[in-house]
Amino acid sequence: MARIRGRHAAQRAATTAAGHRRRGGLRSARYRRGLGGTAVAAVVMAALTASQAPGVELAGDGGADRPGSAGDRTPGDDDYATELPPLESPHPPGTSEPGGSEDTSGIPASVLAAYKKAARSLASRTPGCGLRWELLAGIGKVESGHARGGAVDKDGTTLRPILGPVLNGKGFAHIKDTDGGRWDSDTGYDRAVGPLQFIPSTWDRWGADGNGDGRKDPNNIHDAALAAGAYLCADGRDLSSGAGLDRAVLSYNNSSDYLRTVLAWFEYYRKGTHAVPDRDLAVLPTTPGVGESGGGSSPGAGRGGADPADDRPGKPNKSNKPSKPGKPGKPGNPGEPGGGGKPGDGDDGDGNPSPDPTGPHAIERVGAGKFTAVAGEDFAGHPVVRVETAKGKGVKGVEVRFEVRGETEAAFEGGARSATVTTDAQGDATAPVLGAGGRTGSFTVRATVPGKKLGSVDFAASVTAPRADTLARTSDVALEAAKGGKFAQAVEVKATRKGKAVANTTLTAAFGDDAEDAGPYFGKDEQGTPIRRLADLKTGAGGVVALPELFAGDRPGTYTLTLTAEGGATVQVKVVVKG
């Protein structure tokens, strides 16, 4: 049902024309629908003349001028009941209700947070994609009116299911049940589910856990946004280019009208938006494109039964006769988000195969992200990454390159600064043993998949100075002196680590409380006070440090001198003062 009339028709024509002025005008037959004669046509032409053209180039109406355009091949191109953004620039609202006609630039706070979080996550996982959160917002606006204006709980799950029409072939695609009714509560046929309108079998392939609760739920805006972003970025797409952006949106729903509508909102949100409060289900929006049948607020809308009025973009489009079911993984069938487009087209809107759900899609860190080693030794831990499909399944046999980056002497076997490892059956690649070298400091180990735009994973590494694990006297001669006298032999200790001398390590030496006031001491300070504690002692090249002269004090007895090295190694030395 084409609901684009009056003001929206003018806006729609204006927005479309802005992207195609170079191509010799519009097909007037497509834009006469809903116009009531010459007077209305004049309004439209005025809107075209004054249109604020989006910065994103929109797809051609017939598709002849843009390679791979879905053009008019898609059944039901004119059946979208979604508002276009207003022609004026967005600005924060006054007191209008969230999602209302006076608040078009506002996005519900929870939903906006989910879009931005998903884009940030994908920026690190697939940096070559260039996904902007405004694109997710454009699709979310078209598919469900941002989850019915933010009608979600504190975890981001919709307060009531958002369901598309029953795909029973009666005016829509014919898709038999694929999820046993788990997501769409229909065991006969499939229905699009959630704020981003995923067909159940699509969700089975592309579902994601965006809020870290251990579940992948298409009804959760965080999960759905991350899954939609991953799908748009799949197959190495570059969304920073006009062609890449077109391909991505068309792969989501193979319809030129859908493309124009999404890109219009995308550009509108790029000009400025703001968060508005989430919506209570007690008040539902009444404009099209909000995840309810026909945009209405009937309590039963979107639940069981056929919904012939639910013909928004992103849903399987109406046609004069039921479409044939397509092959899995192609636009317009259960293999694509939204289920839009002609079943069986078999490409992403540009003649390219749909992304391979079994191929490498992302590289993720496994285990620790930081490693420390002592200079001159090997790192005990190993950086590990996993190469995954879009569903999070490990991919075997993928070459991963580990590279040492930064000013360091650390290296892999043979002094190599890089090493290539092939993923195992679980999709894991483990870096070889990494030697710390003799230089202290920090550096990075970066893992990438050569030839694939899967991003990179960085591991922080640091090399510290050796710390002694053992302190010991260099002599076993007893330390004895007469009261008031001086010890003939200085106290000398050696610091070692794994049997090797540790040079330039710091030690402290102190007598216990039993020596206070009258026990042994290391000379006197400027005020004449006996010194019974020494700090900042340093071992020499052989790991040895000799303490200053030791005086016996005035009280006979046996005393304990404790030496402690940086890192915790200690040794206790017995000192005897005779009467």
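The coordinates are above.
These numbers come from a predicted model, not from an experiment.

Sheet architecture is open: five strands sit in the order 4-12-11-6-8, paired in mixed fashion. What marks the edges here is a single partner per strand, and that holds for strand 4 (370-374) and strand 8 (418-422). Recorded for the sheet is a direction-independent mean angle of 25° between the axes of neighbouring strands. Bridge count for strand 4 against strand 12 (residues 456-464) is five bridges, and the pairing is parallel. Following the sheet pairing, A373 is matched in strand 12 by V463.

Below, the discussion takes up the environment of T440. With respect to the secondary-structure elements, T440 resides in the loop between strand 10 (434-435) and strand 11 (441-448). Along the primary structure T440 and V463 are separated by 23 residues, whereas in three dimensions their C-alpha atoms are 4.7 Å apart.

This part takes up the packing of helix 5 (residues 133-150) against helix 9 (residues 256-270). Packing of helix 5 against helix 9 brings their axes to within 8 Å, and their N-to-C directions diverge by 120°. One element, helix 5, and the other, helix 9, form an angle in the oblique class. For the pair helix 5 and helix 9, the sense of crossing is right-handed. For the pair helix 5 and helix 9, contact is made by E134, L135, A137, G138, I139, K141, V142, E143 and H146 and by Y258, T261, V262, W265, F266, Y269 and R270, respectively.

Bringing helix 9 into the picture now. The first and last C-alpha atoms of helix 9 sit 21 Å apart over 15 residues, in line with the 21 Å expected at 1.5 Å per residue. At the N-terminal boundary of helix 9, the capping side chain belongs to S255, with an oxygen 3.4 Å from the backbone nitrogen of D257. Backbone geometry just downstream of helix 9 places G272 in the positive-phi region, at approximately 145°.

Take the packing of helix 5 against helix 7 (residues 221-233) next. Helix 7 packs onto helix 5 with a crossing angle of 110° between their chain directions and a minimal axis gap of 11 Å. Between helix 5 and helix 7, the crossing angle belongs to the class labelled roughly perpendicular. In this structure, the crossing between helix 5 and helix 7 has a hand that is right-handed. The segment helix 5 lies against helix 7, with L135, L136 and I139 engaging A225, A228, G229 and L232.

A few words on unusual backbone geometry. Positive phi, normally seen in glycine, also occurs at H146, with a value near 55°. Tracing the sequence through the fold places H146 in helix 5. Assessed through its relative accessible area of 3%, H146 is described here as buried. Here D536, not a glycine, exhibits a phi torsion of approximately 60°, which is positive. Positionally, D536 belongs in strand 18 (residues 533-538).

Analysis parameters
Sequence order as written defines the numbering, with residues in each chain counted from 1. Local features in this predicted model are restricted to residues whose pLDDT is 70 or higher, and side-chain atom pairs enter the listing and the counts only when it is 80 or higher, whereas totals over whole chains, interfaces and linings include all residues. Only hydrogens and water are removed before side-chain values are computed, so all heavy atoms of the structure are retained for them. Here a strand pair is declared whenever DSSP counts at least two bridges between the two strands. Helix and strand labels come from DSSP, where a helix needs a run of H or I of at least four residues and a strand needs a run of E of at least two; each type is numbered from the N terminus. Inter-axis angles, ranging from 0 to 180 degrees, are taken between N-to-C directions of lines fitted to C-alpha atoms, where helices are fitted over the stretch in contact. The scheme is simple: roughly parallel for angles under 35 degrees, roughly antiparallel for over 145, roughly perpendicular for 65 to 115, oblique for anything else. It is the rotation of the near helix from the far one that decides the hand of a crossing: anticlockwise by less than a right angle makes it left-handed, clockwise makes it right-handed. Residue contacts are counted whenever heavy atoms from the two residues lie within 4.5 Å of one another. Each residue after the first adds 1.5 Å to the expected span of a helix. N or O atoms closer than or at 3.5 Å make up a polar contact, with two conditions inside protein: a donor-capable atom paired with an acceptor-capable one, and, for residues adjacent in sequence, both atoms drawn from side chains. For every residue, the accessible area (1.4 Å probe, protein chains only) is compared with the maximum for its type, and the residue is labelled buried under 20%, exposed over 50%, or partly exposed between those bounds.

Shape descriptors only; they carry no functional weight alone.
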